Amino acid sequence: MYGPEDVESSHDVLVIGAGCAGMRAAIEAHDAGADVALVSKLHPTRSHSGAARGGINAALGNAGEDSPERHAADTVKGSDYLGDQDAIELFCAEAPGDIYQLERWGALFDRDDEGRLAQRAFGGAGAPRTVHAADVSGHVLLQVLYEQLLAREIRVYEEYFAWRLVVGATGCDGVLAWDLARGGVRALAAKAVILATGGSGRVYCGSTNAHACTGDGMAMALRAGLPLEDLEFVQFHPTTLVPSGLLVTEAVRGEGGLLLNAKGERFMRRYAPEAMELASRDVVARAEQTEIDEGRDVNGSLLLDMRHFGREKMIERFHGTRDLALTYAGIDPLEQPIPVRPGAHYHMGGVATDVDGRSEIENVFAAGEVACVSLHGANRLGGNSLMETIVFGRRAGRAAAEQALKRSGSAGLAPSARVDGERELARLLERHQGERPSRIRDELGASMHENFGVFREEGGMRRQLELLENLRERYRHVLVDDRGEIFNSDLVQALELGYQLDLAVCMVSAGLERRESRGAHSRPKDFPARDDENFLKHSLVRWSNDWLDLSWKPVTITKWQPQRRTY
Amino acid sequence: MQVRLHVQRSDPVTGETRLQLFELELPREATLLDCLEQIKDEVDGTLAFRRSCREGICGSCAVRIDGRTALACRTPVAELVAEGHAPTIAPIGNLPVVRDLVVEMEPMWQKMRAVEPFLRPGPDCGLDGRETPIPSARLDAVRKESLCINCGACVSECDAMTVSPEFLGPHALVKAWRLVGDPRDDAVAPRLKGLSGEHGIWECTRCYLCNERCPKGVDPRDAIAKLGAEAIAARIDRDRGARHAKWFVTSARTTGWLRESELVVRTLGLAFSFAKIPLALRLFRRGKAPLPLPRHRARDLAPARELRHIVAGQDRRGALGIVQGERALERIDFICSPEQPVGEDEP
Ligand SMILES: Cc1cc2nc3c(=O)[nH]c(=O)nc-3n(C[C@H](O)[C@H](O)[C@H](O)COP(=O)(O)OP(=O)(O)OC[C@H]3O[C@@H](n4cnc5c(N)ncnc54)[C@H](O)[C@@H]3O)c2cc1C
Ligand code: SF4
Ligand code: SF4
């Protein structure tokens, strides 16, 4: 059985989240000489980074002419000019080195005929630059980072649910966490904290994200007074399987998969005549939603046809996709096209940071999907986010270690913080009447999909805010069935729901104020055009004294002036 | 669709265990994980189980369904409940239960750590900041093993681990092969030495249940076979298990049949075998073991030799995914012949 655990502990650097970003950050902080530990509600290899299939972008130029500048230009354009160009340039320049390092650590990427790293074309990319490992790229990265973590014997507080940043006069003193396996509140002190808790896709029903992607880190930062940036931008993946919402990798289109409507027409011809199925995700998702809205759908979905791949290619390159369709939709893609529709996939917005992951609080950092550097601007290109976890995970790890080592004395948390936390959870656990979280969660997901999905408009967003107010009110009486200490996942799920509700309010509020259409934020009815004059800027949402405060921040432009974005 | 499930519940404090019946209504394409979610959401929030990705990649939700281990998220429930059957869902085996369907994974991670599960880069790995080409085919040796999601289904099924809890087990050994078989790794010999000791590769009973149940097709038993073959090839073959394996091959090559009575001597050594004489005599008397003389010899040696050639011709990936001897067999000829002058024409 699990042994007893220290109620309190202290480290130089504490990384919250052990996906690709968190592990990369911890490895770097360790190598920079800091005493580092990870806190994760899941065992590291259970993180959702493992679900990434398509691959990771770096301009190696192995499969055709490419350069970091071209990678940067594609990323800027993909972002609909909302990405910060200094961050993008740095990212593209450092990406190849990181790939070689991953390879040296043992990542098992696919090779070309000469034994060099193979690269394939992804949506929105002007050159084949996605390095991959069959269709398990994220899985392979996650395993190799975990191996490196073990090589360094870095401490992991496994199945610890972090639920509060403790911020004092001199910055953040650490976090409070619920020890899922043993039960009880733990106070973890640190001189620097890195948030790496991943995405928030579960705010929507029908998402490609795992159950655990509940945006905890964003909400924790918000409650600690930090601003969240560009929250209105949620990428909808154009090919999620109906009905489960599971992702059908973009590589299917990269390798020649066709999108058809009910009439059997390759409808992308009308939306992106040149790039066709390989157009940027937002373009494809909108095309699909338009087809659906105009009635050219098949029971709410479009068809992804890969029958012409043939058995050999299907089994060698896409056995995972085929398996997915067989298990969750009962369809063999060798014989039938598979039904797909747009589903919530990636959150471009997050905790506002600089290129070293630093937030507004000097010793709080963020990296990976939880952060907004901003690399992706209004729309992320496939393959850039895994690379982001590595490049910015590394940079945040280094910066946090340096910050921590500068701070004198040892880290400490006021005992009152833990006592307060315990009291708060006890109150929740003592409640005997109220509503189960699942109903609130399901209503949240469905309504966000409807009112804050691929297309948005004023009326729907206002309705959504009212609805969210109502859901938040109901959440005040949420009922946790389980009152035990050991492995109380019921409690954790109730806490997660609280985060999701906070986040949803911020997302819709920012969306309402962005009166334009840009990247993933599309308002065809009231503001169909991009408006650089008024909205070439990042939104910032803060929560202070139960009041939502929205402000704006300029976009950094180095080389590329905004242009019309067509594919 | 109506679904009835018996779920094994266990109290984390008292350790008391009972079966609880749940009756649910779900859509036809529902998975077993969907059922567990519905129970937790709507019937009984105290049910404890792990889950995250719901698509078979995070490895959280392995459970035993009527005794067979599988991932709940990859198990369509319609098949399970056909003809009104109410399956029993229990936690995976060979690991201590924490609560309900949640087991403590730490013993499994400990074994994984014991195999030093990280690359020790050698000259084939290039320097930081530069790419070193490696033919794809050389990396193919470990592709299957790289698919392991640490779900523990193989551990749950492994009889050898039940009998000998210290056995490294299929999951850790998959990781071991993932590194031994990687052309970039520079610690193959010390790794193989470590793995060939007590509770290492030779403790596997070759029951193949791990191959059968692994949800990712990793085939842990094959990885163990590959480790064994590499160990013998590297002459790390002092373990009884290795000697046992080698004797099988030699015996089949020279006389076409397994000479069981010699097997004992070859495997355990002469001194140790003396102690077994009373047992051997009893076996001979009851007809359970053939007498050592005259030598057991197949009428036609060709098929056995042919088989050996087929196996020897396999590369590291192995033919049809079933790898038993591989390159090591080439070496066995060489290793065995000086001390084993049993030529092909020997009577
Ligand atoms: C299906 C799918 C496919 C994708 N494919 C690609 C692709 O091909 N290429 C690409 O570049 N990108 C892809 N992405 C996006 C990319 O995978 C993610 O953006 C990226 O992996 C996020 O990594 P992360 O480390 O930030 O978060 P995650 O990997 O999600 O890790 C989050 C970590 O935080 C922990 N955590 C969360 N909350 C808490 C808490 N409260 N307390 C403690 N710990 C907590 C979790 O346990 C976990 O360890 C894909 C995404 C999905 C969903
Ligand atoms: S084949 Fe070996 S490792 Fe696999 S389950 Fe059987 S005894 Fe265990
Ligand atoms: S080898 Fe297969 S069964 Fe064993 S842990 Fe890995 S994926 Fe699971």
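Everything quoted here is computed from the prediction, not taken from an experiment.

Structural notes on the layout of surface pockets
Approximately 1200 Å³ is the volume attributed to the largest pocket. As for the largest pocket, its lining consists of 37 residues, and the residues nearest its centre are A:Arg202, A:His211, A:Arg441, A:Asp442 and B:Asp34. Looking at the lining of the largest pocket, the elements with two or more residues in it are helix H13 (437-451) and helix H15 (489-513) of chain A together with helix H1 (32-43) of chain B. The element best represented in the lining of the largest pocket is H1(B), accounting for seven residues. Residues of the lining of the largest pocket, tallied by class, amount to 11 nonpolar, 11 polar and 15 charged.

Some remarks on the site of ligand 2
The environment of ligand 2 is formed by B:Cys158, B:Ala160, B:Pro170, B:Cys204, B:Thr205, B:Arg206, B:Cys207, B:Tyr208, B:Cys210, B:Arg221 and B:Ile224. In terms of residue class, the shell around ligand 2 is built from eight nonpolar, one polar and two charged.

Considerations on the packing of helix H14 (residues 458-475) of chain A against H15(A)
Residue and element names in this part refer to chain A. Axis separation between H14 and H15 bottoms out at 10 Å; the angle between their running directions is 155°. Judged on the interaxial angle alone, H15 and H14 are roughly antiparallel. Judged by the sense of rotation from one axis to the other, the crossing of H14 with H15 is left-handed. For the pair H14 and H15, contact is made by Glu458, Met461, Arg462, Gln464, Leu465, Leu468, Leu471, Arg472 and Tyr475 and by Ala494, Leu495, Leu497, Gly498, Leu501, Asp502, Ala504, Val505, Val508, Ser509, Gly511 and Leu512, respectively. Looking at the contact of H14 with H15 residue by residue, the classes come out as 13 nonpolar, four polar and four charged.

So, the pairing of strand S18 (residues 537-544) of chain A
Residue and element names in this part refer to chain A. Note: strand S10 (residues 228-229) against S18, two bridges, orientation antiparallel. Within S18, the residue paired with Glu229 across the bridge is Leu540. Pairing geometry for S18 and strand S19 (residues 547-554), over eight bridges, is antiparallel. When the sheet's bridge partners are listed, His538 is paired in S19 with Lys553. What sits between S18 and S19 in their antiparallel hairpin is a turn of two residues, with Asn545 showing a positive phi close to 50°.

A short note on the site of ligand 1
Residue and element names in this part refer to chain A. Ser47, Ser49, Glu369, Ser385 and Leu386 are the nearest of the 37 residues found near ligand 1. For ligand 1, an oxygen atom lies 3.0 Å from a polar atom in the backbone of Ala21. A distance of 2.7 Å is found between a nitrogen atom of ligand 1 and a side-chain nitrogen or oxygen belonging to Ser385. About the coverage of ligand 1: the protein hides 97% of its 1000 Å² of free accessible area. Secondary structure elements with two or more residues in the shell around ligand 1: helix H1 (20-31), strand S2 (36-40), strand S7 (160-168), strand S14 (338-347) and helix H11 (384-406). Looking at the shell around ligand 1, the element that brings in the most residues is H11, giving four residues.

Considering the interface of chain A and chain B
Across the boundary between the two partners, chain A contributes 63 residues, which contact 64 residues of chain B. Summed over both sides, the interface of chain A with chain B buries roughly 5400 Å², with 49% coming from carbon and sulfur. On the chain A side of the interface with chain B, the three residues burying the most area are A:Arg46, A:Arg104 and A:Leu108, jointly 16% of the side's total. Applying the counting rule to chain A against chain B returns eight salt bridges. One salt bridge connects A:Asp323 with B:Arg74, and the closest N-O pair in it is separated by 2.7 Å.

Scoring rules and cut-offs
Residues numbered from 1 in each chain as written. Chains lettered and ligands numbered in written order. Predicted model: local features only at pLDDT ≥ 70, side-chain atom pairs only at ≥ 80, totals over all residues. Heavy atoms only, no water. 1 Å grid on protein atoms, 1.4 Å probe; cavity = no way out; pocket = protein on both sides within 12 Å on 5 of 7 lines; lining within 4 Å. Points joined across faces, edges and corners; volume = space filled by probe spheres on them. Helix = DSSP H or I, 4+ residues; strand = E, 2+ residues; numbered from the N terminus. Nonpolar A, V, L, I, M, F, W, Y, C, P; charged D, E, K, R; others polar. Near = heavy atom within 4 Å. Axes fitted to C-alpha atoms, helices over the stretch in contact; angles between N-to-C directions. Parallel < 35°, antiparallel > 145°, perpendicular 65-115°, else oblique. Left-handed = near helix turned anticlockwise from the far one by under 90°. Contact = heavy atoms within 4.5 Å. Pairing = 2+ DSSP bridges. Polar contact = N/O pair within 3.5 Å; in protein donor to acceptor, adjacent residues only side chain to side chain. Areas by Shrake-Rupley, 256 points an atom, 1.4 Å probe, with all protein chains shown as cover. Buried area = accessible area lost by both parts, 1.4 Å probe. Salt bridge = Lys/Arg side-chain N within 4 Å of Asp/Glu carboxyl O.

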